[in-house]
Amino acid sequence: MSDQKKTAISTKEAPAAIGPYSQAVRVGDMLFASGQVGLEPATGQMVAGGIAEQTVRALENVKAVLAQAGLDLSHVVKTTVFLKTMGDFTAMNEIYAKYLAPEGVVAPARSTVAAAGLPKDALVEIEVIAKGGA
């Protein structure tokens, strides 16, 4: 039987938590990652640009958290994407597809919702659930 204790995952390669939460939590072979926005890990500042730049940075932050847990994007089974405005859906989706649904890869399940406000006034926040490792 796999170990079912809860373990925090943390890396300096993604922005530090700005509240009482973990960047990710592993339970057995499941990883539950907190939402990532377009913050630069080194500065804690939002990347310059718009939805495209913030989506890339958010996904790079997700990759860093997954890597700390010994996983990569191919292990992601579910995502939730929060957008400040659904008008950004197409631009976000193009970048998202390159990271999480390249040709020949089974795309994770996903929910996408518009949110009235996101941390640091972000345009996008992406959280993931991954399976693998342990």
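Summary of the structure given here. Sequence order sets the numbering: in each chain, residues are counted from 1 along the sequence as written. Only residues with pLDDT of at least 70 are given local features in this predicted model, and only at 80 or more are side-chain atom pairs given and counted; all residues enter the totals for whole chains, interfaces and linings. Only hydrogens and water are set aside; all other atoms, that is, all heavy atoms of the structure, feed into the side-chain values.

1. Side note on the side chain of Arg-57
For clarity, the threshold we go by: Under the DSSP-based scheme used, a helix requires at least four consecutive residues in state H or I and a strand at least two consecutive residues in state E, with every element numbered from the N terminus. A 1.4 Å probe rolled over the protein chains alone gives each residue an accessible area, and that area as a share of the maximum for its type sets the label: buried under 20%, exposed over 50%, partly exposed in between. Any two residues whose heavy atoms approach within 4.5 Å at even a single point are treated as in contact.
Checked against the element boundaries, Arg-57 lands in helix α1 (residues 51–68). Given a relative accessible area of 18%, Arg-57 falls into the buried group. If sequence neighbours within four positions are ignored, Arg-57 has contacts with Glu-13, Val-37, Gly-38, Leu-39, Glu-40, Pro-41 and Val-47.

2. So, the sheet that holds strand β2 (residues 24–27)
Inclusion rule: Strands were regarded as paired on the criterion that DSSP finds at least two bridges between them. Interaxial angles span 0 to 180 degrees and are taken between N-to-C directions of axes, which are lines fitted to C-alpha atoms, for helices over the stretch in contact.
Taken together, six strands build an open sheet; the order of strands is β1-β2-β3-β6-β4-β5 and the sheet is mixed. A single partner strand is all that each edge strand has here, and the edge strands are β1 (6–9) and β5 (109–114). With strand direction ignored, the average angle separating the axes of adjacent strands in the sheet is 15°. In this sheet, strand β6 (residues 124–131) lies alongside strand β4 (residues 76–83) in antiparallel orientation, the contact comprising seven bridges. Following the sheet pairing, Thr-80 is matched in β6 by Glu-127. Docked against the sheet, α1 engages β1, β2, β3 (30–36), β4 and β6, running at close to 30° with respect to β6. With respect to the sheet, helix α2 (residues 89–100) is in contact with β4, β5 and β6, its orientation differing from that of β4 by roughly 160°.

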